[in-house]
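Take a look at the letters that make up each chain.
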Amino acid sequence: MSPISRRTLVLGGLAVAGAGALPASSRAAAQSSVITATAAVPYPFQLGIASGEPDANSVVLWTRLAPSPLNADGQGGMANADVAVDWQVSTTDTFSTLVASGTVTAKYASAHSVHVVAGGLSPDADYFYRFRAQGHLSPVGRTRTTPAVGTAGRNLLMAFTSCSHYEEGYFTVYRRIAEENPGVILHLGDYIYEYGPTTGRTRLHLGNEIVSIADYRRRYAQYKTDPDLQAAHAVAPWIVVPDDHEVENNHAGTIRENNTPALTAAQWTARRSAAYQAYYENMPLRPAQVNSGNSIQLYRRLRWGSLATFHMLDTRQYRNDQACGDGWKVCSDADLANRSLPGNAQESWLLDGLGQHLGTWDIIGQQVFFARRFSSTGASMDSWDGYRASRARIQQGWVDRTVRNPVVLTGDVHRAWASDLKADYNNANSATIGTELVTSSVTSSGDGDGSTTVPDVGTNPWLKFYNNRRGYVRATLSPTELRADFRNVAKVSEHGAAAATVKSFVVQEGQPGLQAV
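Residues numbered from 1 in each chain as written. Predicted model: local features only at pLDDT ≥ 70, side-chain atom pairs only at ≥ 80, totals over all residues. Heavy atoms only, no water.

A look at the state of the cysteines
All chains considered together, the criterion is met by one disulfide. A sulfur-sulfur separation of 2.0 Å characterises the disulfide bridge that pairs cysteine 324 with cysteine 331. Here the S-S torsion is close to 75°, and the disulfide linking cysteine 324 with cysteine 331 is therefore right-handed. Note on cysteine 324: relative accessible area 36%, which makes it partly exposed. Of the residues examined, cysteine 331 reaches a relative accessible area of 4% and is grouped as buried. (Disulfide = S-S within 2.5 Å. Buried < 20%, exposed > 50% of the residue type's maximum accessible area, 1.4 Å probe, protein only.)

See the structure below:
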């Protein structure tokens, strides 16, 4: 990835400043448009811009018009009318030559969100993009395409994180990720939280616990007004999957954790539908992922040339209910063969993709802790330990298919972990057949205490690393190795902490498991 200009790095901070984020050569014309339009139509790009879902020839460009993002009706201050939005893609941030452009309609019914599939691009290339609507120009974002099929392309710098609870801290982690100039960013779930405000926290949610489509839209808008989050979206394409809080804590398929807030069955169905609709509206997803009724197709595969294949899982919509009533339990039902975390169809889809050997690295992006992690009170029934037969089928499946480099990426637990994955967790000397890298959170659980003592390592000797700070994982993929740097910040209760590397590991091609650096 070529160095990024400071102009692009500060996009998030300038998003609300309108034309100030534009390249110098475009600024005069943009300012003229803004000045002309400001009196009649306020600046509509308050939520920033984003890109995602890259392939070798295209990428999704996203924005959502919202001059008053926090309005309670969720419509962001937009009138009940559709709006034409122009978009442009260029190889330079001056936009002197366009390689793709067009006009798309931002519909009132979709909260004026747009998802442009910008095609005709070259493989393994960097691009800049922007939008124009209602006489205003958006900030400029940078994105990139993947290498062509059959080519490894440049080494890939990837960052991944999860769990960004707005109330529990500032989004400094997003800012530090932006400063890494990654080639791609993965978000592994809990992009928003559904709860109402809690007195005494660093920041407060607007409104009560979110239930309606208006609630979800406004909650996304509140998060997306954060300049650090906008900066991370503007710097690279994102690949995203939701976890539970995008809908409701620890739900399993169509089953709620509890009846709080009290909802009828029909109201709960409507809530799930609203949540998934708002998720699509606010993420840079392809139209193939648009919500339909009460579901959304989110497990999917993205190829990064011959370097890597991303198998992105949905571990919420199709799972069986948590065994033994959820929580940390000693529970024999967790071993039942008829239980599945991703669901039978998704298990088959994953194994079929792994068996195709499409790239050097098979990256399984998913939400909940994968390796066995038993404590004195049992194991988490919300994680793969609550679906042990399902995990065993997947692990044995990749062994049977001679998958050389399976790497599981995980979010959810607000702490950083790293694990070897064992063929038999009842035998500590069993073969290592894969690797798991667990990111900490952006803010969830607050500052943390910095501990690096691995909990319960005596009964889980495959667990190699732990850290209780907020942060992210920076990973560099090459044809010969994957290097993972666990990065954290000392505080999220104060804005602007520096990031530091706590621990680094290398996974050598063809040798599953962690090697400390």
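Here the narrative resumes.
Looking at the sheet that holds strand E12 (residues 300-304)
Backbone-to-backbone hydrogen bonds pair the strands of a sheet. The strands run either parallel or antiparallel. If you walk across this open sheet you meet the seven strands as E12-E13-E15-E17-E19-E18-E20, and the pairing is mixed. Where the open sheet ends on each side, the last strands, each with one partner, are E12 and strand E20 (463-467). Here the strands of the sheet are splayed against their neighbours by 20° on average, with no regard to which way each runs. Looking at chain direction, strand E13 (residues 308-312) and strand E15 (residues 361-365) are connected through five bridges and run parallel. Its bridge partner lying in E15, histidine 311 is registered against isoleucine 364. Relative to the sheet, helix H8 (residues 344-354) contacts E12, E13 and E15, its axis offset from that of E13 by approximately 180°. (Pairing = 2+ DSSP bridges. Helix = DSSP H or I, 4+ residues; strand = E, 2+ residues; numbered from the N terminus. Axes fitted to C-alpha atoms, helices over the stretch in contact; angles between N-to-C directions. Contact = heavy atoms within 4.5 Å.)

Re the side chain of glutamine 346
The residue glutamine 346 is located in helix H8 in this model. Residue glutamine 346 is classed as buried on the basis of its relative accessible area, which comes to 1%. Glutamine 346 has contacts with Tyr299, Met312, Leu313, Asp314 and Tyr318, leaving out every residue within four places of it along the chain.

With respect to the side chain of histidine 233
Within the secondary structure, histidine 233 is located in helix H6 (residues 227-235). Apart from the residues lying within four places of it in its own chain, the contact partners of histidine 233 are Ile49, Ala50, Ser51, Tyr129, Tyr191, Lys224 and Trp238.

So, the nonpolar core
Counting residues in hydrophobic clusters, the biggest one holds 41 residues, and the most contacted among them are Tyr174, Tyr191 and Trp238. For this core, the secondary structure elements donating two or more residues are helix H4 (172-179), helix H5 (213-224), H6, strand E11 (238-240) and helix H7 (265-282). No other element matches the seven residues that H7 contributes to this core. Excluding its chain neighbours within four sequence positions, the residues that come into contact with tyrosine 191 are Ser164, Tyr174, Tyr220, Tyr223, Lys224, Leu229, His233, Trp238, Glu246 and Met283. (Core = buried A, V, L, I, M, F, W, Y, C linked by side-chain atoms within 4.5 Å.)

A few points about the packing of H4 against H6
Here H4 crosses H6 at 30°, and the two axes come no closer than 7 Å. In terms of their interaxial angle, H4 and H6 are classed as roughly parallel. Read as a crossing pair, H4 and H6 show a hand that is left-handed. For the pair H4 and H6, the contacting residues are Thr172, Tyr174, Arg175 and Ala178 in the first and Pro227, Asp228, Leu229, Ala231, Ala232 and Val235 in the second. The residue makeup of the contact of H4 with H6, split by class, is seven nonpolar, one polar and two charged. (Parallel < 35°, antiparallel > 145°, perpendicular 65-115°, else oblique. Left-handed = near helix turned anticlockwise from the far one by under 90°. Nonpolar A, V, L, I, M, F, W, Y, C, P; charged D, E, K, R; others polar.)

A few points about the packing of H8 against helix H9 (residues 388-400)
One way to put it is that H8 packs onto H9 with a least axis distance of 9 Å and a crossing angle of 20°. Relative to H9, the element H8 lies roughly parallel. As H8 runs across H9, the sense of the crossing is right-handed. Residues Asn344, Glu347, Leu350, Leu351 and Leu354 of H8 pack against Ser390, Arg393, Ile394, Gly397 and Trp398 of H9. Of the residues assigned to the contact of H8 with H9, the class counts are five nonpolar, three polar and two charged.

Notes on the environment of tryptophan 304
Tracing the chain through its elements places tryptophan 304 in strand E12. Each C-alpha atom, one on tryptophan 304 and one on methionine 158, is 12 Å from the other, the two residues being 146 residues apart in sequence. When near neighbours in sequence (up to four residues on either side) are disregarded, tryptophan 304 contacts Pro54, Arg144, Thr145, Thr146, Pro147, Leu156, Gly183, Val184 and Phe310.

Examining the confidence of the model for the protein chain
Detail in the predicted coordinates should be disregarded across regions flagged by low pLDDT. The share of residues in the protein chain with pLDDT of 70 or more is 92%, and the mean pLDDT across the chain is 93. Ignoring residues within four places in sequence, the model shows residues 1-39, a span with pLDDT below 50, making 80 contacts including any to other chains. (pLDDT = per-residue confidence, 0-100.)

Re the pattern of salt bridges
Here the structure, examined in full by the defined rule, presents 27 salt bridges. Residues arginine 154 and aspartate 126 are paired through a salt bridge, measuring 3.4 Å at the closest nitrogen-oxygen approach. Of this pair, arginine 154 sits in the loop between strand E8 (141-144) and strand E9 (156-161) while aspartate 126 sits in strand E6 (residues 126-133); the two residues are 28 residues apart in sequence, bridging distant segments of the chain. Residue classification places arginine 154 among the partly exposed positions, given a relative accessible area of 26%. Note on aspartate 126: relative accessible area 17%, which makes it buried. For glutamate 248, the salt bridge is made with arginine 271, and the minimal N-O distance between the two is 2.5 Å. Of this pair, glutamate 248 sits in the loop between E11 and H7 while arginine 271 sits in helix H7; the two residues are 23 residues apart in sequence, bridging distant segments of the chain. On the basis of relative accessibility, which here comes to 3%, the residue glutamate 248 falls in the buried class. Residues joined by salt bridges that share partners form a network here, namely Glu180, Arg474, Arg483, Asp485 and Arg487. (Salt bridge = Lys/Arg side-chain N within 4 Å of Asp/Glu carboxyl O.)

Examining the packing of aromatic side chains
Summed over the entire model, instances satisfying the criterion amount to 21 aromatic pairs. Both rings, one in phenylalanine 370 and one in tryptophan 398, keep their centres 6.1 Å apart while their planes meet at 20°; by these two values the pair is stacked. Of this pair, phenylalanine 370 sits in the loop between E15 and strand E16 (379-380) while tryptophan 398 is found in helix H9, placing the two residues 28 residues apart along the sequence. Ring geometry for phenylalanine 486 and phenylalanine 505: centres 6.2 Å apart, planes at 90°, overall edge-to-face. Remark: phenylalanine 505 occurs in strand E23 (residues 499-508) and phenylalanine 486 occurs in strand E22 (residues 481-489); sequence separation between them is 19 residues. Overall, phenylalanine 486 belongs to the buried group, its relative accessible area being 2%. A connected cluster of aromatic rings, assembled from ring pairs, spans Tyr166, Phe171, Tyr174, Tyr191, Tyr220, Tyr223 and Trp238. The lysine or arginine in question, lysine 224, covers the ring of tryptophan 62, its NZ or CZ lying 4.3 Å from the ring centre. Sitting above the plane of the tryptophan 417 ring, arginine 373 keeps its charged end 4.8 Å from the centroid. (Phe/Tyr/Trp six-rings, centres within 6.5 Å; stacked < 30°, edge-to-face > 60°. Lys NZ or Arg CZ within 6 Å of the ring centre and 35° of its normal.)

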